[in-house]
Amino acid sequence: MRTLATTFALVAVSATSLFAQGVLVITNDNIRLPRPTPRPQAVSYQIDELAVEARLKDQVADVQVSQTFKNTGSRTIQAQFVFPLPYDGAIDAMTLLVNGKELPAKLMKADEARDRYQSIVRSQKDPALLEWIGTGMFQTSVFPIPAGETRTVSIHYSQLLRQEHGLTEFLFPLSTAKYTSAPVKNVRVNLAIESGTNIKNIYSPTHEVSIKRPTKKRAVVLYERQNIVPSSDFRLFFDAKSGAVSTTLLTYRPTKDEDGYFLLLASPEIQDDKSKTQPKTIIFVVDKSGSMSGKKIEQTRDAAKFILNNLHEGDLFNIVSYDSTVQSFLPELEVFDKRSREEALAYVDGLFAGGGTNIHGALSTALRNLQDNKRPSYVLFMTDGRPTSGITKEALIAEVARQSNEVRARVLSFGVGYDVNSRLLDRLARENHGLSEYVRPDEDIEDHVAKVFRRISSPVMTGVKLSFEFDKPGSGKPVNRVYPGGEVDLFEGEQLVIVGRYRKTGAAKIQLTGNVGGEEKTMTFAGKFDKKVGNHTNSFIEKLWATRRIGEIIDDLDLNGKNEELVNELVMLSTKHGILTPYTAFLADETVRPELASASNRSLTRSSLSDLDESGGRRSFLQRGLKQSFKNAKNAESEERSDGALSDALSRPKSQSQRSARNGGRPANKPGLSYRGGGFGGGQQGQQGGGQQGGGFGLGGSLGRSVSGEAKAKVDLKKIVRKTGTQTLYQRGKLLVTPETASLDLEKDKKKIVEIKRYSKEYFALTEANTSAENEVLSLQEEDEQLLVKFRGKVYLIK
């Protein structure tokens, strides 16, 4: 059952349309709801802002919504707001104002509201509102909006928030804004959280938010984007518990015949006294070769100064700089204090670019500094090129670094510009427990270094190992394919998000064992792996797990070579979930069948994976940046950003072998494909994330992949590949199929298919039998399309 905090539809009775945060239904001209399109529309309206301000105190939310919109048409419209209510009736004291004047309204229960929803769907011949069937309705009286005038609509309500497994959930329906022909200028959600107990985990499965924690019992969560078309509702989870570290377990089991999915949140307590923060060791390895001259070396000096200005008293540090030779600030680690800081800042001011690139020598010098394996140690390694001095072979550099890393320090690699050997950086990060960060030529190095350093500045528990002990032990591994894998570190102010699969159900003890202040400590928490299937509230966990698993598969293929089993799994996951990669982007081609077991699609993927042979250059840089965004995804917005980044990673002509593979070995004569980034009109989604774009790599735009001399046909990924929480639809001409129905032939398999005419008696009977998740699938079908879908074991053709 869909649980809405509140949402609303704007119902108008004129041929002119206007859209606020909800949807506009025009009742007398049978005009469908507007959809995002780059083409000019006959309907004219503009939304300036959608602002949500909420105070969440324990389990009660006090919410204020404000929006300003303008009727840019030539006629006065008569508008009516409709609010679907949550199934549990948790809304209290709802008030709606238009330009400060309160409007009367009527509350409808679910049964009465169902008739209203169905009448709108039937009269407009538009399935958009189907997913709201089953909820109650709050409907206002009609009010006029003259042409050319603006109206500010304000809504105020109180709500009892839902709690499950110790997590409190706040939900606000942003997704209704997808029914618009233009992006919303500004979307802002600002939440102030208060609790009588210390607030620990704060996590949004749908959007990338900024979180500030002024005290242990207060937090401020902000989400703000410009010029976007929201595609999902805003969801936020938080909990308040005592203890040094808090964990919360969420699970999802789609069917009884497959392993379930789990998400584990872990968050350490905020320290009021920063002097008690666990001391760490930081070594900043700076490339000052000739290619770093100009703005790059200036930004590198600024990045080094940022680190020096944000170390804590008692930290150990050093700076290693290199060109053809290697130099250090001091021959050994230095204790951070006011004196050493001033001396180090003077050393940084003396860094100038010139010479070759001795990566091996710089890493060896840095790692030799590290001797204490009980102290958290981090090497921030930066380069803008390929090794040209000392040992230059990629595999040997990585192996020597791995052997030299005797204290299990984490190597955090920064690749600056397109000339970097991105595969070497990924290998160094993978074999030394770290991560890779890529800085485009038009981005600021300091911004990327500062972002990573803030994450690691206050370690709480390091070398953390995760284990599960079930109350009823059994054979086999109860939990598997956990990401991130291996040991992890917990940092103050950081939210650790772990996903995995589970085979065994029931109550379990979750143990975190790690190093705290040089001593090993174990923390135990209770959790339950649900046996129940069919509840899609937490279906986002499956998609998040699949996104990270795809990143791990690509990383393995990149660093260890091709593996047939991994190639097959990559194709299966990408097809099932609609997660396109540079190696499965052919799924956006309407001539390719999106079948889970397609041998031809596996062949296309094997051909495309040859691109991973490139170790450097722009395309290599973009591909590996995209790979990191998959590996480090935290929510649905991470995946959408990856869609926007895909067009950039594909921006070069296809090889002749790739073109002929699709045609059974024959030369390709069809037009090339240009992949448009996710978001309105292409390229928009890549602009959403600020410093977090493309997994922190700023990928975006609508650059195309095409064959030289051939015509380009623009392909909108969001139209060709449509996603809900539980299904992926692929557009094939005028037919929408799922991976499960893609292999069916409408003529040969006619006896297996139940045909239903849209908006008929049988159609609405189907919607009443469906879950809200299944009706969401129906809502994606456009006016001139047919839909081939499977519900509850039956295949339906919706015509």
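Residues numbered from 1 in each chain as written. Predicted model: local features only at pLDDT ≥ 70, side-chain atom pairs only at ≥ 80, totals over all residues. Heavy atoms only, no water.

1. Side note on the overall build of the protein
Then step 1. If you tally the helices and strands in the protein, you get 17 helices and 41 strands.
Then step 2. Within the protein, the fraction of its 799 residues that count as buried is 59%.
Then step 3. Sequence-distant contacts in the protein: of pairs separated by 6 or more residues, those separated by 24 or more amount to 76%. (Helix = DSSP H or I, 4+ residues; strand = E, 2+ residues; numbered from the N terminus. Buried < 20%, exposed > 50% of the residue type's maximum accessible area, 1.4 Å probe, protein only. Contact = heavy atoms within 4.5 Å.)

2. Some details on unusual backbone geometry
Then step 1. The residue after Tyr483, namely Pro484, is reached through a cis peptide bond having omega 0°.
Then step 2. With respect to the helices and strands, the residue Pro484 is situated in the loop between β29 (479-483) and β30 (488-491).
Then step 3. Phi at Arg481 is positive, roughly 45°, even though this residue is not glycine.
Then step 4. Take Arg481: its relative accessible area is 33%, and that puts it in the partly exposed class.

3. Regarding the confidence of the model for the protein
Then step 1. Per-residue pLDDT for the protein has a mean of 81; in total, 80% of the residues score no lower than 70.
Then step 2. Segment residues 1-22 is flagged for pLDDT under 50; beyond a separation of four residues in sequence, or across chains, it makes 135 contacts in the model.
Then step 3. Low confidence marks residues 652-714, where pLDDT is under 50. Its contacts with residues over four positions away, or in another chain, come to 175 contacts. (pLDDT = per-residue confidence, 0-100.)

4. With respect to the side chain of Ser422
Then step 1. By secondary structure assignment, the location of Ser422 is in helix α6 (residues 422-431).
Then step 2. Look at Ser422 and you get buried, because its relative accessible area is 0%.
Then step 3. Apart from residues no more than four positions distant in its own chain, Ser422 is found in contact with Tyr438, Ser615, Ser620, Phe621 and Arg624.

5. Quick look at the sheet that holds β30
Then step 1. Spatially, four strands are ordered β30-β28-β32-β33 in an open sheet, and the strand pairing comes out antiparallel. Looking at strand neighbours, the two that pair on one side only are β30 and β33 (519-529), the edges of this open sheet. Each strand axis lies, on average, 35° off the axis of its neighbour in the sheet, ignoring direction.
Then step 2. Sheet topology note: the strand β32 (residues 506-516)/β33 ladder contains 11 bridges and is antiparallel. Within β33, the position partnered with Gly514 by the bridge is Lys521. (Pairing = 2+ DSSP bridges. Axes fitted to C-alpha atoms, helices over the stretch in contact; angles between N-to-C directions.)

6. What about the pattern of salt bridges?
Then step 1. Per the counting criterion, the structure on display carries 43 salt bridges.
Then step 2. One salt bridge in this structure joins Glu258 and Arg501, with 3.8 Å as the shortest N-O distance. Of this pair, Glu258 sits in the loop between β19 (245-252) and β20 (260-268) while Arg501 sits in strand β31 (residues 496-502); the two residues are 243 residues apart in sequence, bridging distant segments of the chain.
Then step 3. According to the relative accessible area criterion, Glu258 is partly exposed, its value standing at 25%.
Then step 4. Measuring nitrogen to oxygen at the nearest pair gives 2.8 Å for the salt bridge that ties Asp489 to Arg410. Of this pair, Asp489 sits in strand β30 while Arg410 sits in strand β26 (residues 410-416), and the two are 79 residues apart along the sequence.
Then step 5. Exposure remark for Asp489: the relative accessible area of 12% places this residue in the buried category.
Then step 6. Through salt bridges with shared partners, a single ionic network connects Asp426, Arg430, Asp555, Asp556, Asp558, Arg624, Lys627 and Lys631. (Salt bridge = Lys/Arg side-chain N within 4 Å of Asp/Glu carboxyl O.)

7. Some points on the sheet that holds strand β39 (residues 753-756)
Then step 1. The strand order across the open sheet formed by six strands is β36-β37-β38-β40-β41-β39, and the pairing between neighbours is mixed. Every other strand in the sheet has two partners, leaving β36 (721-723) and β39 as the edge strands with one partner each. Looking at each pair of strands side by side, their axes are set apart by 25° on average, direction ignored.
Then step 2. Examined bridge by bridge, strand β37 (residues 728-732) and strand β38 (residues 735-737) share three bridges and lie antiparallel to one another. Residue Gln731 lies in a different strand from β38, and its bridge partner there is Leu736.

8. Here's the deal with the packing of aromatic side chains
Any pair of aromatic rings gets described here by the distance separating the centres and the angle formed by the planes.
Then step 1. All told, the structure shown has 21 aromatic pairs when counted by the stated rule.
Then step 2. On the basis of an interplanar angle of 55° and a centroid distance of 5.7 Å, the ring pair of Phe329 and Tyr347 is categorised as tilted. Residue Phe329 is found in the loop between β23 (326-328) and β24 (334-335), and its partner Tyr347 is found in helix α3 (residues 338-349); the two are separated by 18 residues along the sequence.
Then step 3. Put simply, the rings of Phe262, Phe468, Phe470, Tyr502 and Phe529 touch in pairs and so form one group of aromatic residues.
Then step 4. Over the face of the ring belonging to Tyr261 we find Arg501, whose NZ or CZ atom lies 3.9 Å from the ring centre.
Then step 5. The lysine or arginine in question, Arg501, covers the ring of Trp545, its NZ or CZ lying 5.0 Å from the ring centre. (Phe/Tyr/Trp six-rings, centres within 6.5 Å; stacked < 30°, edge-to-face > 60°. Lys NZ or Arg CZ within 6 Å of the ring centre and 35° of its normal.)

9. Some details on the environment of Gly243
Then step 1. With respect to the helices and strands, the residue Gly243 is situated in the loop between β18 (234-240) and β19.
Then step 2. Taking C-alpha positions, Gly243 is 8.8 Å from Asn198, a pair spaced 45 residues apart along the chain.

10. Topic: the environment of Gly486
Then step 1. With respect to the helices and strands, Gly486 occurs in the loop between β29 and β30.
Then step 2. A C-alpha to C-alpha distance of 8.5 Å links Gly486 and His433, two positions 53 residues apart in sequence.

11. Points about the environment of Ile297
Then step 1. Mapped onto the fold, Ile297 is located in helix α2 (residues 295-308).
Then step 2. A relative accessible area of 6% places Ile297 in the buried class.
Then step 3. Measuring from C-alpha to C-alpha, the distance between Ile297 and Leu351 comes to 7.8 Å, with 54 residues separating the pair along the chain.
Then step 4. In this view, Ile297 contacts Asp287, Lys288, Met292, Leu351 and Ala353; residues no more than four positions away in its chain are not counted.

12. Some words on the pairing of β31
Then step 1. Most of β31 is tucked away, with seven of its seven residues classed as buried.
Then step 2. The pairing of β20 with β31 spans seven bridges and is antiparallel. Considered in β31, the bridge of Leu263 is made with Val499.
Then step 3. Relative to β31, β29 runs antiparallel, the two sharing three bridges.

13. Focus on α3
What sets the pattern is the α-helix's 3.6 residues per turn: residues three or four places apart point alike.
Then step 1. Taking 1.5 Å as the rise per residue, α3 with 12 residues should run 16 Å; its terminal C-alpha atoms sit 17 Å apart, in good agreement.
Then step 2. Turning to α3, its buried residues number three or more, namely Ser340, Ala344, Leu345, Tyr347 and Val348. Projected down its long axis, α3 shows its buried positions confined to an angular sector of 155°, all on one face.
Then step 3. Residues of α3 that are buried make contact with α2, β22 (316-322), β23 and β24.
Then step 4. Near the N-terminus of α3, the side chain that reaches the backbone nitrogen of Arg339, with its oxygen 3.2 Å away, is that of Asp337. (Expected span 1.5 Å × (residues − 1). Arc of directions from axis to C-beta. Polar contact = N/O pair within 3.5 Å; in protein donor to acceptor, adjacent residues only side chain to side chain.)

14. Some remarks on α2
Then step 1. Its 14 residues place the ends of α2 20 Å apart at the C-alpha level, agreeing with the 20 Å of an ideal helix rising 1.5 Å per residue.
Then step 2. Those residues of α2 not exposed but buried are Ile297, Gln299, Thr300, Arg301, Ala303, Ala304, Phe306, Ile307 and Leu308.
Then step 3. Tucked into the core, α2 has its buried residues touching β21 (281-287), β22, α3, β25 (377-383) and α7 (445-456).

15. Quick notes on the pairing of strand β27 (residues 435-439)
Then step 1. The element β27 is extensively covered by neighbouring structure, given that five of its five residues are classed as buried.
Then step 2. Because side chains alternate across β27, one face comprises the buried residues Leu435, Glu437 and Val439, and the other comprises Ser436 and Tyr438, equally buried.
Then step 3. For β26 and β27, the ladder comprises five bridges, and the chain directions are parallel. The residue of β27 that forms the bridge with Val416 is Val439.
Then step 4. For the handedness criterion, the β-α-β arrangement of β26, α6 and β27 is classed as right-handed. (Right-handed = clockwise from strand over helix to strand, strands pointing away.)

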